[in-house]
Amino acid sequence: MILADKIMNLRKKAGWSQEELAEQLNVTRQSVSKWEGARAVPDMEKVVQMSRIFGVSTDYLLKDEIEEDNPEDNVQVISEQPLRKVTMEEASEYLECSKKSAPKIAFATFLCVISPITLLLLGGLSETKIIKLTENSAGGIGLCVLLLLVASATGIFISCSAKVKCYDFLEKEPFETEYGVTGMVKEKKNQYHPTYVRLNLIGTVFCILAAVPLFAVMSIADKDIFYINAVCLLLLMVACGCYAFAYGGTRNSAMEKLLEEGDYTRSRKAKKGLISAVSVSYWLIVTAVFLAAILPAKSSYKGSSWIIWPIAGVLYGAVASILNISFKHNE
């Protein structure tokens with residue numbers, strides 16, 4: 001094992017980011033990145049500092065033939081159990097699966113967002129007598145379409161998830177990578193970065209402009225059918241934005257998992273269970289509120305029940321941001 005891999009493995013075992021190690025050594029994050037990518041070599045002073053920080057000998061760091069340092073020379077034992085190692089073949093296969101799954105996951109996300117459109121549109125058309133459908137018939141057809149789209153999206157999510165099931169440990173457990181894996185993934189991430197930024201920009205623009213049809217209708221019309229059409233167009237534009245976010249995010253998160261960066265650092269993985277529990281509980285509550293609003297026969301909230309979802313989405317973003325800020329503060 002070369003010095004670059006030893007530095008990266010020891011840093012990850014300690015649960016530190018590149019920034020945190022750089023702060024302890026009084027160097028820049030870019031310097032640590034170059035050491036771990038074998039593009040530069042730390043001077044002897046930094047090697048001695050790292051030997052003290054990690055509790056290993058300088059011989060262990062400098063001599064490639066020494067794979068495991070003698071525990072008797074260490075101030076502390078870094079890890080009691082060996083970590084799972086990701087090979088170059090496994091990393092390449094995982095990235096290829098994520099690349100193929102990205103458009104499917106994005107399309108499934110698109111289906112989920114547009115699923116209420118038929119329900120809203122038919123409800124509005126029947127209420128204004130533009131089409132000859134009773135409110136119950138319009139609601140029944142709309143709910144059937146909604147459930148069909150959600151079921152289709154769920155099937156796509158499950159199918160894509162099953163293909164990478166064996167790689168679930170990447171976002172749940174600490175691991176090591178074979179020599180060359182980190183460099184390969186970083187190169188791919190740098191190549192993909194302009195596309196990722198462009199997709200995020202497109203998604204942001206769509207989501208911001210989605211409110212324009214609604215504001216335009218408010219200024220030129222006062223009929224309910226125009227408002228309903230504007231809301232449907234709003235959902236369609238948001239769905240396009242979500243497609244871009246999901247497409248770019250799926251591929252970028254796969255690379256971050258292999259690099260243990262972003263939301264997949266070791267400290268974040270330890271809190272993954274709490275985040276999942278909060279997310280599941282939140283959306284179960286939102287779904288229960290929505291069903292309570294639309295199911296009662298004499299409910300007066302049916303016509304405006306769609307507003308629950310966009311409000312819930314905005315509030316979920318706020319909840320997620322608060323959790324992230326809290327975790328970063330603790331770190």
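Residues numbered from 1 in each chain as written. Predicted model: local features only at pLDDT ≥ 70, side-chain atom pairs only at ≥ 80, totals over all residues. Heavy atoms only, no water.

- The protein chain is annotated in an unreviewed UniProt entry as Helix-turn-helix domain-containing protein from Blautia ammoniilytica.

### Comments concerning the pattern of salt bridges
One side chain can pair with another of opposite charge once the charged atoms of both are near each other.
Part 1 of the reasoning: Counting across every chain of the model gives nine salt bridges.
Part 2 of the reasoning: Salt-bridge contacts for K189 lead to E261; the nearest nitrogen and oxygen are separated by 3.1 Å. Placement of the pair is K189 in helix α9 (residues 181-209) and E261 in the loop between α11 (224-259) and α12 (266-270), with a sequence separation of 72 residues.
Part 3 of the reasoning: Shared partners join several salt bridges into a network, and the residues in it are K189, E256 and E261. (Salt bridge = Lys/Arg side-chain N within 4 Å of Asp/Glu carboxyl O. Helix = DSSP H or I, 4+ residues; strand = E, 2+ residues; numbered from the N terminus.)

### Things to note about the nonpolar core
Considering soluble globular proteins, one finds that nonpolar side chains tend to be buried as a cluster.
Part 1 of the reasoning: Residues L111 and I114 are the most contacted members of the largest nonpolar core, which totals 21 residues.
Part 2 of the reasoning: Sequence-distant contacts of I114, that is, excluding residues within four places in its chain, are made with L149, L235, L236 and A239.
Part 3 of the reasoning: With 20 residues, the next largest nonpolar core counts C97, Y167, F169 and L170 among its residues. (Core = buried A, V, L, I, M, F, W, Y, C linked by side-chain atoms within 4.5 Å. Buried < 20%, exposed > 50% of the residue type's maximum accessible area, 1.4 Å probe, protein only. Contact = heavy atoms within 4.5 Å.)

### What to know about the packing of α9 against α11
Between two packed helices, what matters for the description is the angle formed by their axes and the separation of those axes.
Part 1 of the reasoning: Packing of α9 against α11 leaves a shortest axis separation of 8 Å and a crossing angle of 160 degrees. As far as their axial angle goes, α11 and α9 are roughly antiparallel. For the pair α9 and α11, the crossing hand works out as left-handed. (Axes fitted to C-alpha atoms, helices over the stretch in contact; angles between N-to-C directions. Parallel < 35°, antiparallel > 145°, perpendicular 65-115°, else oblique. Left-handed = near helix turned anticlockwise from the far one by under 90°.)

### Digging into the UniProt feature "transmembrane region" (unreviewed entry) in the protein chain
Part 1 of the reasoning: Per the UniProt record, the feature "transmembrane region" (unreviewed entry) sits at residues 105-125, 137-158, 196-220, 226-247, 274-295 and 307-327.
Part 2 of the reasoning: The straight-line gap between the two end C-alpha atoms of residues 226-247 is 32 Å; of that span, 100% is helix and 0% is strand. (UniProt positions renumbered as here; feature names shortened; annotations may be inferred.)

### Focus on a nonpolar patch on the surface
Part 1 of the reasoning: Nonpolar side chains collect at one region of the surface, where L201, V205, I208, L209 and V212 lie side by side and expose about 460 Å² of accessible area between them.
Part 2 of the reasoning: Top contributing element to the nonpolar patch by residue count: α9, with four residues.
Part 3 of the reasoning: Here I208 shows up in helix α9.
Part 4 of the reasoning: Its relative accessible area of 59% is what places I208 among the exposed residues. (Patch = residues over 30% accessible without salt bridge, like charges linked within 9 Å, V, L, I, M, F, W, Y side chains within 5 Å. Areas by Shrake-Rupley, 256 points an atom, 1.4 Å probe, with all protein chains shown as cover.)

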